[in-house]
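# Coordinate analysis (summary)
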Number of protein chains: 2
Amino acid sequence: MILTVTLNTALDLTYRVRSLRPHASHRVSEVVERPGGKGVNVARVLAALGHEVTVTGFAGAATGRAIRDRLAGIDGLTDALVPVAGATRRTIAVVDELSGDTTQLNEPGPQIEPAEWGVFLDRYEELLAGTSAVALCGSLPPGVPVGAYANLVRTARSHGVPVLLDTSGEPLRRGVAARPDLIKPNTDELAELTGSHEPLRATQDARRRGAHAVVASLGAEGLLAATPEGRWRATPPARLHGNPTGAGDSAVAGLLSGLVEKLPWPERLARAAALSAATVRAPAAGEFDPAVYEELRGRVAVTGVVSAA
Amino acid sequence: MILTVTLNTALDLTYRVRSLRPHASHRVSEVVERPGGKGVNVARVLAALGHEVTVTGFAGAATGRAIRDRLAGIDGLTDALVPVAGATRRTIAVVDELSGDTTQLNEPGPQIEPAEWGVFLDRYEELLAGTSAVALCGSLPPGVPVGAYANLVRTARSHGVPVLLDTSGEPLRRGVAARPDLIKPNTDELAELTGSHEPLRATQDARRRGAHAVVASLGAEGLLAATPEGRWRATPPARLHGNPTGAGDSAVAGLLSGLVEKLPWPERLARAAALSAATVRAPAAGEFDPAVYEELRGRVAVTGVVSAA
């Protein structure tokens, strides 16, 4: 079983409006509701790939129930979310019909009480016993200590469970120092962590800071990996147009499934890049078309990277 | 007991952001959730005034449950909402911290099935038996016939229950033809109904179209009433600054409570204008401060209107 942790789960709403104008009133023509938060997205992709996956983190109030109701309908996915008193946040993506552009509104998330955090830590340790790999994903809700991911990385390592960390800012900085097996920053997160805007130099630097392996997602340019076994670039066949929401989460799912299947790095990277590209191309944010994925997978170019800083 | 009907109830969310910019990502710093829809707002004000009030209409899915959970905590208010399969809509008011301006996003509401509409009509007729006055408020959700309010007005009249109609567009036009006791249009709704932008002429015209009495809400200028007993203007003491959300609903609650208490028209209008002004002045949208209301009530100028078209 693969475990994904989403401390700040979300009910993701997509609204379609004609054109968003500040200080005007808008009729929303279409509403789509999905369970979200990075680790939940990763779990949905893993389940679609045929993996048994367990989701943990927090869920509370009506929005938390709405997420859990929807997760219950996904084959291969087990809900191990910890109930909290506060309300799970909503995120709202307002899509303009005219331009296709998106305006994002993100609620902060529920206040997590110390006792709730304690219940989660116990649940996490129980779940690690039957886990082949764990992904720690996304932002921290209010009340969770900034060193939370560092703590969760150490616990996973002490149980001998490979751990992937996908977050940003100070939680990433502290988490990296706890020596996770893999991090998957995007360009901005990597630059914020290392101070370098040169991806090759920055991935090397992130490894020196404690990450065993680093896979940076470079948007349309694909992935750049720095690992103990070597360095590679994975490039999708053509520049892809579409909605990048969830593309990074699909890449995480590809890397994690490749890890538990013990694929060689180039195959892991081809899978991750193809899943990410298939997600960009899908009509709905965060979904992917299995046929597009299979077709792209054979066409991702994975090349070794020779020189560095 | 006073009955309010809200066919398109809403979970009203107020988001605070620094400044809304299209196609950017925003962190919401504060989220306030309230049960909404015009008739629900009217009922909350009536309950705060000490009246026994029953709320009916439709509620469905997680958002419907969230509304019902909140209504359960209000003294004097009875929940007689009819469950439906579709999800109760959300409305989102995004308030800019910098300017105080508000951007509104309104979901359309659930599709009401013919069987659900039938269940509502039976419930409505049962509830009318113990009702001293009924208010029919707001927009129609998808699936409800455009002549719905005309039908509900006739049913109330056949039970001898005074009926107030507060809606807009074609549902208002058809509802007025069914001869409600009172309508409370704002300036735009009155102009759309009558074709006249001159309020005095338009209120007279609306009476000719079927409304027994018409109370137009003219924003900061207060109320203009055309009734079989005479015509009046009710003007609050000073131009008020604040959030006008819910001010019209508070005016409806004032008119309805004055009706069941058999107050003379000038007193009803003073109450409605004071409640409306106290709502504009309150810090939270749709709330009112009882002390401000009491203070304003004695200072509303109600004057007879002599000439007309």
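Residues numbered from 1 in each chain as written. Chains lettered and ligands numbered in written order. Predicted model: local features only at pLDDT ≥ 70, side-chain atom pairs only at ≥ 80, totals over all residues. Heavy atoms only, no water.

Our next topic: the nonpolar core. Formed by 118 residues in total, the largest nonpolar core has its most connected members in Leu105 and Leu269 of chain A together with Leu105 and Leu269 of chain B. Other than its neighbours up to four places away in sequence, Leu105 of chain A contacts Arg90, Thr91 and Ile92 of chain A together with Tyr15, Val17, Leu20, His26, Val28, Val94 and Leu105 of chain B. (Core = buried A, V, L, I, M, F, W, Y, C linked by side-chain atoms within 4.5 Å. Buried < 20%, exposed > 50% of the residue type's maximum accessible area, 1.4 Å probe, protein only. Contact = heavy atoms within 4.5 Å.)

Attention now moves to the relation of the copies chain B and chain A. When chain B is fitted onto chain A, the two copies agree to an RMSD of 0.0 Å after a turn of 179 degrees and an axial shift of 0.0 Å. The transformation just described matches what one would write down for a two-fold rotation axis. Ranked by how close their C-alpha atoms come to the rotation axis, the residues of chain B are headed by Ala62 of chain B, at 2.9 Å. Looking at the interface residues of chain B, 100% of them are also at the interface in chain A, so both copies use one shared face. (Least-squares fit on C-alpha atoms with pLDDT ≥ 70 in both.)

Further remarks concern the side chain of Asp12 of chain B. Residue and element names in this part refer to chain B. With respect to the element layout, Asp12 can be found in strand E2 (residues 10-17). Arg34 provides the closest opposite charge to the buried, unpaired Asp12, separated from it by 4.2 Å. A distance of 2.6 Å separates the side chain of Asp12 from the side chain of Thr91, its partner in a polar contact. Beyond its immediate stretch of four places on either side in the chain, Asp12 contacts Val32, Glu33, Arg34, Gly36, Gly37, Asn41 and Thr91. (Helix = DSSP H or I, 4+ residues; strand = E, 2+ residues; numbered from the N terminus. Lys, Arg positive; Asp, Glu negative; His and termini not counted. Salt bridge = Lys/Arg side-chain N within 4 Å of Asp/Glu carboxyl O. Polar contact = N/O pair within 3.5 Å; in protein donor to acceptor, adjacent residues only side chain to side chain.)

Right, let's talk about helix H8 (residues 247-260) of chain B for a bit. In this model, H8 of chain B (14 residues) spans 20 Å end to end at C-alpha, consistent with the 20 Å of a helix rising 1.5 Å per residue. Along H8 of chain B, the residues classified as buried are Ala247, Asp249, Ser250, Ala251, Val252, Ala253, Gly254, Leu255, Leu256, Ser257, Gly258 and Leu259 of chain B. (Expected span 1.5 Å × (residues − 1).)

Strand order in the open sheet formed by five strands is E4(A)-E2(A)-E8(A)-E9(A)-E3(B), with mixed pairing between adjacent strands. The open sheet has two free edges, formed respectively by strand E4 (30-36) of chain A together with strand E3 (25-27) of chain B, since each of these has just one partner strand. Within this sheet the neighbouring strands show an average axis-to-axis angle of 15 degrees, counted without direction. Two strands pair when backbone bridges link them, and strand E2 (residues 10-17) of chain A and strand E8 (residues 89-96) of chain A are joined in this way by eight bridges, in the parallel orientation. The residue bridging Leu13 of chain A from the neighbouring strand is Ile92 of chain A, located in E8 of chain A. Strands in contact with helix H1 (residues 38-48) of chain A are E2 and E4 of chain A; relative to E4 of chain A, the strand with the most contacts, it is inclined by about 90 degrees. Packing against the sheet, helix H2 (residues 61-71) of chain A makes contact with E2, E4 and E8 of chain A, and its axis sits at approximately 80 degrees to E4 of chain A. (Pairing = 2+ DSSP bridges. Axes fitted to C-alpha atoms, helices over the stretch in contact; angles between N-to-C directions.)

This part covers the packing of aromatic side chains. By the definition in use, this model includes ten aromatic pairs over all chains. Taken together, a centroid distance of 5.4 Å and an interplanar angle of 50 degrees make the contact between Phe58 of chain A and Phe120 of chain A tilted. Taken as a pair, Phe58 of chain A in strand E5 (residues 53-60) and Phe120 of chain A in helix H3 (residues 114-128) lie far apart in primary sequence, 62 residues in all. Between Phe58 of chain B and Trp117 of chain B, the ring centres sit 6.4 Å apart and the planes meet at 45 degrees, which makes this aromatic pair tilted. Taken together, the residues span a long stretch of sequence, with Phe58 of chain B in strand E5 (residues 53-60) and Trp117 of chain B in helix H3 (residues 114-128) at a distance of 59 residues. Accessibility expressed as a relative area gives 1% for Phe58 of chain B, which makes it buried. (Phe/Tyr/Trp six-rings, centres within 6.5 Å; stacked < 30°, edge-to-face > 60°.)

As a further point, take the packing of helix H6 (residues 187-194) of chain B against helix H7 (residues 199-208) of chain B. Residue and element names in this part refer to chain B. Two elements in contact, H6 and H7, have axes separated by 9 Å at closest approach and are oriented at 60 degrees. Put simply, H6 runs oblique to H7. Taken as a pair, H6 and H7 cross one another with a handedness that is left-handed. Of the residues in H7, those touching H6 at Leu190, Leu193 and Thr194 are Pro199, Ala202, Thr203, Asp205 and Ala206. When grouped by side-chain class, the residues that make up the contact of H6 with H7 number five nonpolar, two polar and one charged. (Parallel < 35°, antiparallel > 145°, perpendicular 65-115°, else oblique. Left-handed = near helix turned anticlockwise from the far one by under 90°. Nonpolar A, V, L, I, M, F, W, Y, C, P; charged D, E, K, R; others polar.)

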